[in-house]
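Observations on the model geometry
Here's the letter readout for the chains.
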Amino acid sequence: MGDAILRAEALRAFYALDIYGKTKIIQAVNDVDLEIRENEVYGIAGESGCGKSTLLKALAAAIEPPLRLMGGKVVYRVNGAEIDVATLSQEEKRRLRMTYIAYVPQGSMSVLNPVMRIRDTYRDFIESHLDVRQKGEAFALAREHLVELGLPPKILDAYPHQLSGGMRQRVTIALATLLKPRIIIGDEPTTALDVVVQRGVVQLLRDVQSRLKNTIVLVTHDMGVHANIADRIGIMYAGKIVEEASTERIFGAPTHPYTRYLIDSLPRFGDKTPRESVPGSPPSLANPPSGCPFHPRCPHAMEICKREMPGFTRVAPDHRVACWLVGEGSYGKAA
Amino acid sequence: MEKLLEVENLTKIFTLGSVLSRVKITAVDNISFFIRPAEIFALAGESGCGKSTTARIIMGFERATSGAIIHNGRREGKNEKVWFTEGIQAIFQDPFATFNPLRTVERYFFETIQNYRLATSKQEAIERIDAKLRLVGLTYDDLAGKYPSEFSGGQLQRISIARALLTDPKLIIADEPVSMVDASLRMSIVNLFKRLRDDFGVSVLYITHDLATAYYVCDRIAIMFRGKIVEMGTVEQVLMAPKHPYTQLLRASIPEADPARRWQGVIRLSDIEQDEYLRQGCRFAGRCPHVMDVCRRVTPPQFDVDGAQVACHLYAEMSRSDEVLIASQGQ
Ligand SMILES: Nc1ncnc2c1ncn2[C@@H]1O[C@H](COP(=O)(O)OP(=O)(O)OP(=O)(O)O)[C@@H](O)[C@H]1O
Ligand SMILES: Nc1ncnc2c1ncn2[C@@H]1O[C@H](COP(=O)(O)OP(=O)(O)OP(=O)(O)O)[C@@H](O)[C@H]1O
Ligand code: SF4
Ligand code: SF4
Ligand SMILES: [Mg+2]
Ligand SMILES: [Mg+2]
């Protein structure tokens, strides 16, 4: 673990939708501060629709209309120098993509062209990013890379439909890591896969990380996957990070009331006692609640929660929480 | 024993590829199971093992290559599709794909009411819609005039369950209804299934990769691997004491929500899907730590092991061995 390689400062990214001539603003990422360290696996979890995928798009410098950067910045540290992503030209961004930062979006298995053999997808990818002279060179590179990652090189001859969903997902990850990026951003890479294949995908991500000594940012709803691979976890609610800590502390000492619900709702084998989910409905990001966005659903809500968004309080060296209860130092007494 | 739905020797073969390189995939390979009234039955297993295909055949969206579906004691026949799926409703994985973004959500409800002639006036229709929405924690006013984009994934999933309930189904087929939502919403959806079972006698075929929620909410479970059911029994039997080597691997691979108990060791996955589909004998033989000679030659039949059904040669001696061996060689 080391210094920040990727930083977000007061980041705000909103969708601006035009509905019957009226503009509707969806505050999907709302004032996020984040420091992702060199060589760590940073997990992000949170409610469905709370803005996780949008945050990843912003971190990957992949903002496109209707999504707009409304404030704050994303900073990369490339070869020791800090770069504000907003100052990069399209061409510079293109060059950084895949060599510095690789982004595997949600549902990305479909990026493999169904009528092309995997080999040809690789060749196109290599030729568009690298200066490859000889014909066989790209193929040799692809082969070598797959072998390094423990994937059978014969899949190069297959069409996507001949591969299982899990193998397609691993091929996608392999492709994204071919140019040895310093940061890999993965959005739900194991969703809808069986647990054996999921384990294979996580195994691959871990292998890649220990080989390249790089950084992984991973979004998933599967808290078991977070527990298995993440070093630190950020919990997101209504466009904001509300808690951040080491994986051990998120599972062992969850502190924000939303995080507590999330962890308490996890079913465990051998235990069928009824589990509760978060009461109430998710907030509208077009019209988020005032103050702490969790206040309409929070059993501990106080007057101040309705008026003012709490800042972060450091409850342990590597554990910060945005909640008035810890701000006052009173949290935890009741529980 | 009362059976609401019975699947009997169901097989589905897909043909892929061009005329020159034709590949046959046995997506579902001679499977049988049943669901009782007021029972939640899980279908789990490998990605691509044939779960959705099975569900689509039960719902009548796809035709079986062979085998039968028996619903309420009546066999599905060529001309009986119309009544057949009555009493069965489906919900799917992606709530956003279920609803067209340009149509209001309530229109789907009114359409179902019309199709099944469930009300004689608009007022009656609204009352019925409201009653079903209240079962999932919403009201008619919550969705009147709104478009799908105005709801979260979890809300939309609950809305699609409410719509499925309009016809008072006896069986809900839920194909990965929780895989796109967060842990808390998963709980609210499976808790809803539980309530439907306990208070209204509804059965659910719950297709999922999330074995922890399956354990929490289901009565029985079938584990599929490459088109076959390899193990079936109560969730206690199958998930707490798995017997088939594939189920054991599956169980050991469930990521624990506990960073102190991370996965140990590495696992091997199959390379190309078709390799295992074309294999003779047991399809898990290529990866099974207990593989024997017979496994590569003979397809293992189902053995009864402590009340669970297990399709694995390891359990041959444990049952009436002679009979079983003869039976299996005949396959
Ligand atoms: N292309 C888009 N246009 C308009 N609104 C969008 C778009 N993409 C997302 N949104 C909205 O922005 C909000 C955040 O969405 P996002 O996809 O980032 O959530 P998420 O946390 O990744 O959710 P999930 O867990 O379901 O993947 C949601 O309210 C969503 O409806
Ligand atoms: N229409 C089709 N044509 C050809 N092959 C098909 C078709 N539908 C499914 N298959 C194949 O049949 C097999 C079973 O697919 P199915 O979708 O039933 O699996 P599943 O168990 O639902 O998988 P998952 O867990 O990934 O949802 C797969 O190999 C799939 O590629
Ligand atoms: S700030 Fe207030 S409303 Fe928000 S989580 Fe803390 S106690 Fe609850
Ligand atoms: S039949 Fe043989 S190969 Fe198949 S699971 Fe049993 S022991 Fe393993
Ligand atoms: Mg997302
Ligand atoms: Mg499926």
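Residues numbered from 1 in each chain as written. Chains lettered and ligands numbered in written order. Predicted model: local features only at pLDDT ≥ 70, side-chain atom pairs only at ≥ 80, totals over all residues. Heavy atoms only, no water.

1. Quick word on the packing of helix α6 (residues 195–212) of chain A against helix α11 (residues 245–253) of chain B
Short version of the rule: In this analysis, axes come from line fits to C-alpha atoms, helices being fitted only over the stretch in contact, and the angle between any two N-to-C directions falls in the range 0 to 180 degrees. Numbered from the N terminus, helices here are DSSP runs of H or I no shorter than four residues, and strands are runs of E no shorter than two. In this scheme, roughly parallel covers angles under 35 degrees and roughly antiparallel covers those over 145, while 65 to 115 is roughly perpendicular and the rest are oblique. Each helix crossing is assigned a hand: it is left-handed if the near helix lies turned anticlockwise from the far helix by less than a right angle, otherwise right-handed if that turn is clockwise. The criterion used for residue contact is that any of the two residues' heavy atoms lie within 4.5 Å.
Remark: α6 of chain A packs on α11 of chain B, axes separated minimally by 8 Å, with the N-to-C direction vectors making an angle of 50°. Put simply, α6 of chain A runs oblique to α11 of chain B. At the point where α6 of chain A passes α11 of chain B, the crossing takes the left-handed sense. Taking contact as the criterion, the partners of Val195, Val196 and Arg199 of chain A in α6 of chain A are, on α11 of chain B, Tyr246, Leu249, Leu250, Ala252 and Ser253 of chain B.

2. Focus: the site of ligand 1
Residues and elements named next belong to chain A. To be explicit about the condition: The cutoff for a nearby residue is simple: one of its non-hydrogen atoms must lie within 4 Å of the molecule or strand. Counted as a polar contact is a pair of N or O atoms within 3.5 Å, where, for protein atoms, one must be capable of donating a hydrogen and the other of accepting one, and residues adjacent in sequence contribute only when both atoms are in side chains. In short, Shrake-Rupley with a 1.4 Å probe defines the accessible areas, and a residue's cover is counted only from the protein chains shown. When residue character is reported, Ala, Val, Leu, Ile, Met, Phe, Trp, Tyr, Cys and Pro are called nonpolar, Asp, Glu, Lys and Arg charged, and the others, Gly included, polar.
Surrounding ligand 1, one finds 16 residues, the nearest of these being Gly49, Lys52, Ser53, Thr54 and His221. Between tyrosine 15 and ligand 1, the recorded distance is 3.3 Å, taken from a side-chain N or O atom to a nitrogen atom. The fraction of the free accessible surface of ligand 1 (640 Å²) that becomes covered by protein chains is 72%. Every element with two or more residues in the shell around ligand 1 is listed here: β1 (4–19), β2 (22–37) and α1 (52–59). No other element matches the 3 residues that α1 contributes to the shell around ligand 1. Of the residues that constitute the shell around ligand 1, the class distribution is 7 nonpolar, 7 polar and 2 charged.

3. A few points about the packing of helix α4 (residues 105–115) of chain B against helix α5 (residues 122–135) of chain B
Residue and element names in this part refer to chain B. Remark: α4 packs on α5, axes separated minimally by 10 Å, with the N-to-C direction vectors making an angle of 115°. Regarding the angle of α4 to α5, the classification is roughly perpendicular. Once α4 is placed against α5, the crossing between them reads as right-handed. Mapping the contact onto sequence places Phe109, Phe110 and Ile113 in α4 and Lys122, Ala125, Ile126, Arg128, Ile129 and Leu133 in α5. Tallied by class, the residues present in the contact of α4 with α5 amount to 7 nonpolar, no polar and 2 charged.

4. Here we look at the confidence of the model for chain B
Residues and elements named next belong to chain B. The following threshold applies: Summary of the metric used: pLDDT quantifies the predictor's per-residue confidence within the range 0 to 100.
Summary statistics for chain B give a mean pLDDT of 86 and a share of 87% for residues scoring 70 or more. In the predicted structure, residues 320–331 sits below a pLDDT of 50 and forms 8 contacts with residues beyond four places in sequence or in another chain. ipTM for the predicted complex: 0.87, alongside a pTM of 0.90.

5. Structural notes on the packing of aromatic side chains
For clarity, the cut-off: Classification of ring pairs uses Phe, Tyr and Trp, with its six-membered ring standing for Trp, and accepts pairs whose centres are within 6.5 Å; under 30 degrees between planes counts as stacked, over 60 as edge-to-face, and the remaining range as tilted. For each residue, the accessible area found with a 1.4 Å probe, counting protein chains only, is set against the maximum for its type, and the residue is called buried under 20%, exposed over 50%, and partly exposed in between. When the NZ atom of lysine or the CZ atom of arginine is within 6 Å of a ring's centre and also within 35 degrees of its normal, the charge is said to sit over that ring.
Summed over all chains, the structure comprises 12 aromatic pairs over all chains. Pairing tyrosine 237 of chain A with phenylalanine 294 of chain A gives two aromatic rings, centres 5.0 Å apart and planes at 80°, and the pair type is edge-to-face. Of the two residues, tyrosine 237 of chain A is situated in strand β9 (residues 232–237) and phenylalanine 294 of chain A in the loop between α9 (257–264) and α10 (303–307); the sequence distance between them amounts to 57 residues. Grouping residues by exposure puts tyrosine 237 of chain A and phenylalanine 294 of chain A together as buried. Centroid distance phenylalanine 225 of chain B to tyrosine 246 of chain B: 4.6 Å. Interplanar angle 45°. Geometry classified as tilted. Residue phenylalanine 225 of chain B is found in strand β9 (residues 220–225), and its partner tyrosine 246 of chain B is found in helix α11; the two are separated by 21 residues along the sequence. The exposure classification of phenylalanine 225 of chain B matches that of tyrosine 246 of chain B, with both residues buried. Pairwise contacts between aromatic rings join Tyr237, Tyr258, Tyr261 and Phe294 of chain A into one cluster. Positioned above the aromatic ring of tyrosine 215 of chain B, the side-chain terminus of lysine 272 of chain A is 4.9 Å from the ring centre.

6. Some remarks on the interface of chain A and chain B
Note the threshold: As used here, buried area is the combined drop in accessible area, with a 1.4 Å probe, of two parts when they are placed together. The salt bridge definition used is simple: a Lys or Arg side-chain nitrogen within 4 Å of an Asp or Glu carboxyl oxygen.
Across the contact, 57 residues belong to chain A and 59 residues belong to chain B. Taken together, the two surfaces of chain A and chain B that pack against each other cover about 4,800 Å², and 59% of this comes from carbon and sulfur. Here chain A is connected to chain B by 1 salt bridge. The residue lysine 272 of chain A makes a salt bridge to glutamate 236 of chain B at a minimum N-O spacing of 3.9 Å. Among the elements of the structure, α5 (165–176), α6, α7 (223–229) and α8 (247–252) of chain A are those that each provide at least two residues to the side of chain A that touches chain B. Considering every element that reaches the side of chain A that touches chain B, the biggest residue donor is α6 of chain A, with 9 residues. Its residues placed into classes, the side of chain A that touches chain B shows 25 nonpolar, 18 polar and 14 charged.

7. Observations concerning the environment of isoleucine 267 of chain B
Looking at the element boundaries, isoleucine 267 of chain B is found in the loop between α11 and α12 (273–278). Take isoleucine 267 of chain B: its relative accessible area is 14%, and that puts it in the buried class. Counting along the chain gives 14 residues from isoleucine 267 of chain B to serine 253 of chain B, while the straight-line C-alpha distance between them is 9.1 Å. For isoleucine 267 of chain B, the residues in contact, after removing those within four places along its chain, are Val196, Arg199, Gly200 and Gln203 of chain A together with Leu249 of chain B.

8. Examining the sheet that holds strand β4 (residues 66–71) of chain B
Residues and elements named next belong to chain B. So the rule is basically this: Two strands qualify as a pair provided that DSSP identifies no fewer than 2 bridges between them.
The strand order across the open sheet formed by 4 strands is β2-β1-β4-β5, and the pairing between neighbours is antiparallel. Of all strands in the sheet, those with a lone pairing partner are β2 (23–35) and β5 (74–75), marking the two edges. The sheet strands contacting helix α1 (residues 51–58) are β1 (5–16), β2 and β4, and the helix crosses β1 at an angle near 115°.

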